[in-house]
Amino acid sequence: MANQIPKTDWQKLAEREIKASPETLTWQTPEGIAVKPLYTEEDTANLAHIGTLPGLSPFTRGPRATMYAGRPWTIRQYAGFSTAEESNTFYRKALAAGQKGLSVAFDLATHRGYDSDHARVTGDVGKAGVAIDSVEDMKILFDRIPLAEMSVSMTMNGAVIPILANFIVTGEEQGVSRAELSGTIQNDILKEFMVRNTYIYPPEPSMRIIADIIEYTAKEMPKFNSISISGYHMQEAGATLVQELAFTLADGREYVRAAIAKSLDVDEFAGRLSFFFAIGMNFFMEAAKLRAARLLWSRIMEEFQPKKAASSMLRTHCQTSGVSLQEQDPYNNIVRTAYEALSAALGGTQSLHTNSFDEAIALPTEFSARIARNTQLILQHETGVTKVVDPLAGSYYVESLTSELAEKAWALIEEAATRRQAAVDRGEEVIVGVNKYRLPEEAVIETLEIDNRAVRDGQVKRLEKVRALRDPVIWQDWIDRIKHAARTGKGNLLEAAVEAARARATVGEISDAMREAFGDHSAIPEVVTQIYGPASGNDPEYQTLVSRLRTQIDRMGKKPKILVAKLGQDGHDRGAKVIASAFSDIGFEAIAGPLFQTPDEAADLAIERQVDVVGVSSLAAGHKTLLPELVEELKAKGAGHIIVVCGGVIPRKDYQFLLDHGVSAVFGPGTNVVDAARAVLDLTEGRLRNE
């Protein structure tokens, strides 16, 4: 104590050091939060949430009193690919290796309510998830996995009714009653309309579906979480942490209101609501975000006056960031994921998925999935992080962040995503191995590849068998009942779908029965301008490219025109929006094509709009099927002069295949937008010289 500097002198010393060291000046986060280089007790003196205990309202320190000291978070790895047989084998190996719960990834055809034999999904079956067409597929998926003992999470929103119905019937045919089934169905359609886009029906009937599921599960499935309200996809689409918090909790409030409108008492269902957040690389901010989420949800639930404490608790699953994963120097991703996992644990998550290091390139291999799973096992068993409840409590910095995040407003999601891309391209936001400390040569990484055509052929054969063996009269009766319930608003859609699934109605048939009454939802894409350009205006390479493009425009008499297309059922359009916005600011005429196009439809649109280039954004592994089809469609329609390029999550080993099949350029993950635009300009100039 004798050597302690008096507080006033210490403050003067700190101020002098900060002024002398520009690198330690206040940091302005993307959320607009000014992070100081030093926090003291004064920063937390007036924070209302300080001093509360874990397990007590407002649950800032965790929903359970003992948290991980009583039981660690659940290791719940999200997985599913190819066929039900292959996914089942993968699940059983993961469970034997220490995983504690299952999290099912479905292919995009299933997400969008199409059977595998539908003409619109030729490039999507078995890609980016497992193909499920009927109860028979679901039974294979959970073969030798005791559903009475295993918690199962299913990421499903669009075709949520038939998938949950299939799961219920699968449990019953395994000898497990619906009351014994435990797990979570995502069932969060509002975020699909906002960012992820795997919707089927318009918003109003979609909200009716959610309310029916909450009603049914509240009465029939007491151990099952009826909804997982997701902010994950918002952050992945470019939202700041404040935006992720605000939109997610606002969606949750709307779901509570929808359930109450079905005459349910709030305490009947609120305790089974769950949440899902992304965990990115802003370590302390992400931990504070989970604490702020619990604080805010407790405050929101006061509106509904629940009597049970559990009704106001926010319980959450977390997943490490996909956006933070990079194709370049990919082993760095292992380190990124480990830090993100620790942040989630310190924030108090109830379950966690850790991404595999190769997911920026392709589906995880067994090798990479093992590393991802072991990251959590090491965290639980070797670091001591589970020994103390809420170890960050009382931190001046974390408690200040918790308070600021809880109160901060949000701005437009798409704008935030494009601004961040500009910062990365200029090197202002450092990504190790991508825009700084790059390897002179990238090593070839072994990736998992799915034979899409073989998977689809197998699914079609099983569908034919299911349809041949079922009772057509019983099947038709339950399909008609679903149509009647959808059309009139009377009865519970999930209740009818369970019986239809038992009669071996397929996912597509149940979805189509509701489509007949509800119709399909389609969004109109827009190109947002004047974001990338102003953020890059002082970059010499950007200015050189803009000047060069103007010269070409003067020579051609018009702007080069690019159609940014999304093929197949991949609704992840963040990259497509950023590219369309950035290319527009650079000087191209950019057209954002609609989601879910077939190659034939994209070719027709390209010809109709007289574009020079079609740029396909691919994130769901359908590129080897869909890109060659697009090239052939353009040739067949007399438009072989239109240049085709592509970008997204495409393994390097596939580049030559695409080039051999008529694609002019491939831009992998982490490609600088200015570099991509320069390459496209080169291609258009080359075509002009040859004409």
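Residues numbered from 1 in each chain as written. Predicted model: local features only at pLDDT ≥ 70, side-chain atom pairs only at ≥ 80, totals over all residues. Heavy atoms only, no water.

K.L.:
Got a minute to help me understand the overall build of the chain in this structure?
P.N.:
Each helix and strand counted, the chain has 27 helices and 16 strands in total. Counting all 691 residues of the chain, 58% fall into the buried class. For the chain, the share of sequence-separated contacts (at least 6 apart) that also reach a separation of at least 24 residues comes to 79%. As presented, the chain carries roughly 28,000 Å² of accessible surface, and 53% of it is formed by carbon and sulfur atoms. (Helix = DSSP H or I, 4+ residues; strand = E, 2+ residues; numbered from the N terminus. Buried < 20%, exposed > 50% of the residue type's maximum accessible area, 1.4 Å probe, protein only. Contact = heavy atoms within 4.5 Å. Areas by Shrake-Rupley, 256 points an atom, 1.4 Å probe, with all protein chains shown as cover.)

K.L.:
It is not clear to me how the confidence of the model for the chain should be interpreted in this structure. Could you clarify?
P.N.:
Detailed reading of the predicted coordinates is not advisable wherever pLDDT falls low. Overall, the prediction assigns the chain a mean pLDDT of 87, with 90% of residues at 70 or greater. Below a pLDDT of 50 lies the segment residues 409–413, which in the model reaches 16 contacts outside its immediate sequence neighbourhood of four places, other chains included. (pLDDT = per-residue confidence, 0-100.)

K.L.:
What's the story with the pattern of salt bridges in this structure? I'm lost.
P.N.:
In a structure, side chains of opposite charge can pair up when their charged atoms sit close to one another. Counted under the stated rule, the structure contains 48 salt bridges. Between Glu366 and Lys93 there is a salt bridge; the shortest N-O distance is 3.5 Å. Remark: Lys93 occurs in helix H3 (residues 84–96) and Glu366 occurs in helix H14 (residues 366–382); sequence separation between them is 273 residues. In this structure Glu366 comes out as exposed when scored by relative accessible area, which is 51%. (Salt bridge = Lys/Arg side-chain N within 4 Å of Asp/Glu carboxyl O.)

K.L.:
Help me understand the side chain of Thr386, please; the structure alone is not making it clear to me.
P.N.:
Tracing the backbone shows Thr386 in the loop between H14 and helix H15 (396–407). The class for Thr386 is buried, based on a relative accessible area of 6%. Residue contacts for Thr386: discarding those within four places in its chain leaves Tyr68, Ala69, Pro72, Trp73 and Gln380.

K.L.:
Would you take a moment to explain the nonpolar core for this structure?
P.N.:
Note on soluble globular proteins: their nonpolar side chains tend to be buried together. With 61 residues, the main nonpolar core has Phe269, Trp297 and Leu405 as its most contacted residues. Among the nonpolar cores identified, the runner-up in size contains 57 residues, and Val135, Met150, Leu181 and Ile185 belong to it. (Core = buried A, V, L, I, M, F, W, Y, C linked by side-chain atoms within 4.5 Å.)

K.L.:
So what exactly am I meant to see when it comes to helix H18 (residues 472–488) here?
P.N.:
For an α-helix, 3.6 residues make a turn, and residues three or four places apart therefore share a direction. In a regular helix each residue adds 1.5 Å, so 17 residues correspond to 24 Å; H18 covers 24 Å between its end C-alpha atoms and thus fits that length. Regarding H18, the residues found buried are Trp475, Trp478, Ile479, Ile482, Ala485 and Ala486. Down the axis of H18, the buried side of the element spans an arc of 120°, and every buried residue falls inside it. Residues of H18 that are exposed and point more than 90 degrees away from the buried face comprise Val473 and Arg487. Looking at the buried side of H18, the elements it contacts are helix H8 (203–220), helix H19 (493–502) and helix H20 (507–518). Capping the start of H18, Asp471 holds a side-chain oxygen 2.9 Å from the backbone nitrogen of Val473, two or three residues further along. (Expected span 1.5 Å × (residues − 1). Arc of directions from axis to C-beta. Polar contact = N/O pair within 3.5 Å; in protein donor to acceptor, adjacent residues only side chain to side chain.)

K.L.:
How should the sheet that holds strand E13 (residues 589–592) be read in this particular structure?
P.N.:
Within a sheet, adjacent strands bond to each other through the backbone by hydrogen bonds, running parallel or antiparallel. Taking strand neighbours across the sheet as the criterion, the five strands line up as E13-E12-E14-E15-E16 in an open arrangement whose pairing is parallel. For this open sheet the edge positions go to E13 and strand E16 (665–667), each flanked by a neighbour on one side alone. Within the sheet, the average angular offset between the axes of one strand and its neighbour, ignoring direction, is 20°. Direction of pairing for strand E12 (residues 561–565) relative to strand E14 (residues 613–618): parallel, over a ladder of four bridges. Looking across to E14, one finds that Ala565 is bridged to Val616. (Pairing = 2+ DSSP bridges. Axes fitted to C-alpha atoms, helices over the stretch in contact; angles between N-to-C directions.)

K.L.:
How do you make sense of the pairing of strand E4 (residues 101–104) when you look at a structure like this?
P.N.:
Along a regular strand, successive side chains alternate from one face of the sheet to the other. Where burial is concerned, the two faces of E4 agree: the one with Gly101 and Ser103 and the one with Leu102 and Val104 are both buried. Sheet topology places E4 next to strand E5 (residues 151–154); three bridges connect them, and they run parallel. Bridge pairing in E5 places Leu102 opposite Val152.

K.L.:
Please explain the side chain of Thr248 as it appears in this structure.
P.N.:
Inspection of the secondary structure puts Thr248 in helix H10 (residues 241–260). A distance of 2.5 Å separates a polar side-chain atom of Thr248 from the backbone oxygen of Glu244. Non-local contacts of Thr248, meaning those with residues more than four positions away in its chain, are made with Ile229, Ser230, Gly231, Met234, Phe275 and Phe277.

K.L.:
Which parts of the structure should I look at to understand the packing of helix H7 (residues 189–196) against H8?
P.N.:
In a packed pair of helices, the relevant descriptors are the angle between the two axes and the axis-to-axis distance. Look at H7 against H8: their axes get within 9 Å of each other, and the N-to-C directions meet at 140°. In terms of orientation, H7 lies oblique with respect to H8. Between H7, through Ile189, Leu190 and Phe193, and H8, the contact on the second element is made entirely by Pro203, Ser206, Met207 and Ile210. (Parallel < 35°, antiparallel > 145°, perpendicular 65-115°, else oblique.)

K.L.:
Is there a simple way to think about a nonpolar patch on the surface in this case?
P.N.:
On the surface, Met281, Val335 and Tyr339 cluster together into a nonpolar patch covering about 300 Å² of accessible area. Within the secondary structure, Val335 is located in helix H13 (residues 332–347). (Patch = residues over 30% accessible without salt bridge, like charges linked within 9 Å, V, L, I, M, F, W, Y side chains within 5 Å.)

K.L.:
Looking at this model, I keep getting lost on the packing of H18 against H20. Mind explaining?
P.N.:
The geometry of H18 relative to H20 is characterised by a closest axis approach of 8 Å and an angle of 35° between their N-to-C directions. Of the two possible hands of crossing, H18 and H20 adopt the one that is right-handed. Every residue of H20 that contacts H18 at Trp475, Ile479, Ile482, Lys483, Ala486 and Arg487 is listed here: Glu509, Ile510, Ala513, Met514, Glu516, Ala517 and Phe518. Residues of the contact of H18 with H20, tallied by class, amount to nine nonpolar, no polar and four charged. (Left-handed = near helix turned anticlockwise from the far one by under 90°. Nonpolar A, V, L, I, M, F, W, Y, C, P; charged D, E, K, R; others polar.)

K.L.:
Teacher, can you tell me more about the environment of Gln174 here?
P.N.:
One can find Gln174 in the loop between helix H6 (160–173) and strand E6 (182–185). Linking Gln174 and Lys139, residues 35 residues apart in sequence, is a C-alpha distance of 8.1 Å.

K.L.:
Would you mind going over the environment of Arg550 with me for this structure?
P.N.:
Mapping Arg550 onto the fold places it in helix H22 (residues 540–556). Counting along the chain gives 36 residues from Arg550 to Ile586, while the straight-line C-alpha distance between them is 9.5 Å.

K.L.:
Just to check I follow, could you spell out the packing of aromatic side chains for this structure?
P.N.:
In this description, a pair of aromatic rings is defined by centroid distance and the angle of the planes. Throughout the structure, instances matching the rule amount to 15 aromatic pairs. Ring centres of Phe275 and Phe277 lie 6.4 Å apart, and the angle between their planes is 5°; on these two criteria the pair is classed as stacked. Across the pair, exposure class does not vary: Phe275 and Phe277 are buried alike. By the ring-pair criterion, three or more aromatic residues cluster together here, those being Tyr39, Phe283, Phe284 and Tyr397. If you follow Lys36 out to its NZ or CZ, it ends over the ring of Tyr39, 5.0 Å from the centre. Geometry around Phe596 places Arg112 over its ring, the cationic atom sitting 3.6 Å from the centre. (Phe/Tyr/Trp six-rings, centres within 6.5 Å; stacked < 30°, edge-to-face > 60°. Lys NZ or Arg CZ within 6 Å of the ring centre and 35° of its normal.)

K.L.:
Explain the environment of Ala310 to me, please; I cannot follow it from the model alone.
P.N.:
Among the structural elements, Ala310 can be located in the loop between helix H12 (283–301) and strand E10 (316–320). Judged by relative accessible area, which is 37%, Ala310 ranks as partly exposed. Taking the C-alpha atoms as reference points, Ala310 and Leu273, 37 residues apart in sequence, are found 10.0 Å from one another. If sequence neighbours within four positions are ignored, Ala310 has contacts with Ala270 and Gly271.

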